[in-house]
Amino acid sequence: MAHHLPALNPPKILNTNLQSINKPIFSFSQTASRKISKLKKYPSITSSTMSSQQQNPLPHIALTNNEHKEEVMNAIKSSISNCLSETHLDLTVPALKSKIRGKVRDIYDGGDYLVMVTTDRQSAFDRILASIPFKGQVLNETSLWWFNKTQHITPNAVVSVPDRNVTIARKCSVFPVEFVVRGYVTGSTDTSLWTVYNKGVRNYCGNSLPDGLVKNQKLQENILTPTTKAADHDVPVTPDEIVQRGLMTQADYDEVSRKATSLFEFGQRVALDHGLILVDTKYEFGKGADGKIYLIDEVHTPDSSRYWIAHSYQERFQSGLEPENIDKEFLRLWFKNHCNPYEDEVLPDAPEELVSELAWRYIFLFETITNSRFKIPGTKEPVHDRISRNVSQALSSLQ
């Protein structure tokens, strides 16, 4: 059975004047900063690397031509059976003690540090749907690019990135609230703005919404719709409830909400400069031992964010068509059309065509945002062996 996907047209560069509960997370420290210099011999993406890419940017068309896509798609299809779906570094790296398996990340206790491995697992509807080739690398490298770009808004907590799938971080506490920021009325999950609005909700997470909005319409201003965890699903919560329930102090909430809205506005400007619309996203924050608040987890990735092609949005919206998207929404919709992803015990396998297309779109987004070429990993060394070797060397240097 054929699965028809909308053509993904290259974004046009627009000329603008805009330039989970108790989960351990990470923070940055001066001590860790001094130790980072020891890690320079290991493969990682650093600020200097980004500067080099910006000084010699690839022509934008080179990132989206058919020859390049064919090359990437061939690599994707040959890697479908070799995704990084599980890791067991606790068995291969002596310095690591225990493992927490998240939806996408495997988090290991390394004593003073956490080792966060971004796998190729694809989650939605609070469960795993499939494994997507190179997804973990895309998410890790995309986040690092944004972490480097947003330090003027908030400190991030990265200590080092010794492998294309790994971030090493110091331990601290996570706020049990996800800060979801939205610029459009859209989505297909139970907590998405369009789903609740279409059911008649007009006050959502403390935001008053007018009548007459339609799906995919731009909001008059960005809104914050925080969620917290209950069992295995997200629960919308208002700012007052967050403070009243003791999830955060008023001061911490005020600071984090300011950071979240500023990050989103900055992300929207950068995305638009690259021909994209940052539709919505989520942020997580934690407090370090020094009392400072840090941005953690991931930033503006295709997993945590929704992106649309900018130049076709208005015409498609006026015609009642779905926007051209570069995120996992089309895979979400496929599952909603073929099963009940919230209640069915066993889900159907995602078609290989859709898995390959999603992998391409994730890479396409990385290349479009960073204006750099995604590096397909080599196949000589098994991925798990490579990660184990790099993490072992990095942890030894941090001792």
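Residues numbered from 1 in each chain as written. Predicted model: local features only at pLDDT ≥ 70, side-chain atom pairs only at ≥ 80, totals over all residues. Heavy atoms only, no water.

Comments concerning the pairing of strand 16 (residues 293–296)
Working step 1: Residues Ile293 and Leu295 of strand 16 are buried on one face, and the alternating residues Tyr294 and Ile296, pointing to the opposite face, are buried as well.
Working step 2: One ladder, built from four bridges, connects strand 15 (residues 276–287) with strand 16; its direction is antiparallel. Within strand 16, the position partnered with Lys287 by the bridge is Ile293.
Working step 3: Counted between consecutive antiparallel strands, the loop separating strand 15 from strand 16 contains five residues, among which Gly291 sits at a positive phi close to 85 degrees. (Buried < 20%, exposed > 50% of the residue type's maximum accessible area, 1.4 Å probe, protein only. Helix = DSSP H or I, 4+ residues; strand = E, 2+ residues; numbered from the N terminus. Pairing = 2+ DSSP bridges.)

What about unusual backbone geometry?
Working step 1: Positive phi is not limited to glycine here, since Phe134 has a value of about 70 degrees.
Working step 2: In this structure, Phe134 sits in the loop between strand 6 (127–131) and helix 5 (135–149).
Working step 3: Although it is not a glycine, Asn371 adopts a positive phi angle of roughly 55 degrees.
Working step 4: By relative accessible area, Asn371 is classed as buried at 18%.

A few points about the confidence of the model for the chain
Low pLDDT means the predicted atomic positions in that stretch should not be read closely.
Working step 1: Of the residues in the chain, 83% reach a pLDDT of 70 or more, and the chain-wide mean stands at 85.
Working step 2: Contacts of residues 1–7 to residues separated by more than four positions or lying in other chains number 11 contacts, the stretch itself having pLDDT below 50.
Working step 3: Considering only residues more than four positions removed or in separate chains, one finds that residues 12–63, a stretch of pLDDT under 50, has 116 contacts. (pLDDT = per-residue confidence, 0-100. Contact = heavy atoms within 4.5 Å.)

Concerning empty space enclosed by the protein
Working step 1: In this structure, the largest cavity encloses a volume near 90 Å³.
Working step 2: Contributing to the lining of the largest cavity are 12 residues, with Asn140, Ser143, Phe147, Thr167 and Asp297 lying nearest its centre.
Working step 3: Looking at the lining of the largest cavity, the elements with two or more residues in it are strand 4 (113–118), helix 5 and strand 7 (158–163).
Working step 4: Broken down by element, the lining of the largest cavity gets its largest block of residues, four residues, from helix 5.
Working step 5: The residue makeup of the lining of the largest cavity, split by class, is six nonpolar, four polar and two charged.
Working step 6: By volume, the second largest cavity is sized at about 50 Å³.
Working step 7: Taken together, Thr186, Asn216, Arg306, Trp308, Glu322, Pro323, Asn325 and Glu329 make up the lining of the second largest cavity.
Working step 8: Of the residues contributing to the lining of the second largest cavity, the split by class is two nonpolar, three polar and three charged. (1 Å grid on protein atoms, 1.4 Å probe; cavity = no way out; pocket = protein on both sides within 12 Å on 5 of 7 lines; lining within 4 Å. Points joined across faces, edges and corners; volume = space filled by probe spheres on them. Nonpolar A, V, L, I, M, F, W, Y, C, P; charged D, E, K, R; others polar.)

Description of the packing of aromatic side chains
Working step 1: What the rule picks out here adds up to 15 aromatic pairs.
Working step 2: A centroid spacing of 5.7 Å and a plane angle of 35 degrees characterise the contact between Phe179 and Tyr253, whose relative ring orientation is tilted. Remark: Tyr253 occurs in helix 8 (residues 250–273) and Phe179 occurs in strand 9 (residues 179–185); sequence separation between them is 74 residues. The same class applies to Phe179 and to Tyr253, which are both buried.
Working step 3: Ring geometry for Trp308 and Tyr313: centres 5.5 Å apart, planes at 15 degrees, overall stacked. (Phe/Tyr/Trp six-rings, centres within 6.5 Å; stacked < 30°, edge-to-face > 60°.)

Regarding the nonpolar core
Working step 1: Ranked by internal contacts, the top residues of the largest apolar core, which has 65 residues, are Phe179, Tyr283, Phe285, Tyr307 and Phe335.
Working step 2: Tallying contributions element by element places helix 11 (residues 352–370) first for this core, with 11 residues.
Working step 3: In this view, Phe179 contacts Leu224, Met248, Tyr253, Val256, Ser257, Ala260, Thr281, Lys282, Tyr283 and Phe285; residues no more than four positions away in its chain are not counted.
Working step 4: With 16 residues, the next largest nonpolar core counts Leu89, Val93, Val159 and Ile168 among its residues. (Core = buried A, V, L, I, M, F, W, Y, C linked by side-chain atoms within 4.5 Å.)

Digging into the side chain of Ser372
Working step 1: With respect to the secondary-structure elements, Ser372 resides in the loop between helix 11 and helix 12 (383–398).
Working step 2: Side chain to side chain, Ser372 and Thr370 meet in a polar contact 2.6 Å long. (Polar contact = N/O pair within 3.5 Å; in protein donor to acceptor, adjacent residues only side chain to side chain.)

Notes on the pattern of salt bridges
Working step 1: The final tally for this structure, using the stated rule, is 22 salt bridges.
Working step 2: When salt bridges that share partners are traced, they join Glu86, Lys99, Arg101, Asp106 and Arg121 into one network. (Salt bridge = Lys/Arg side-chain N within 4 Å of Asp/Glu carboxyl O.)

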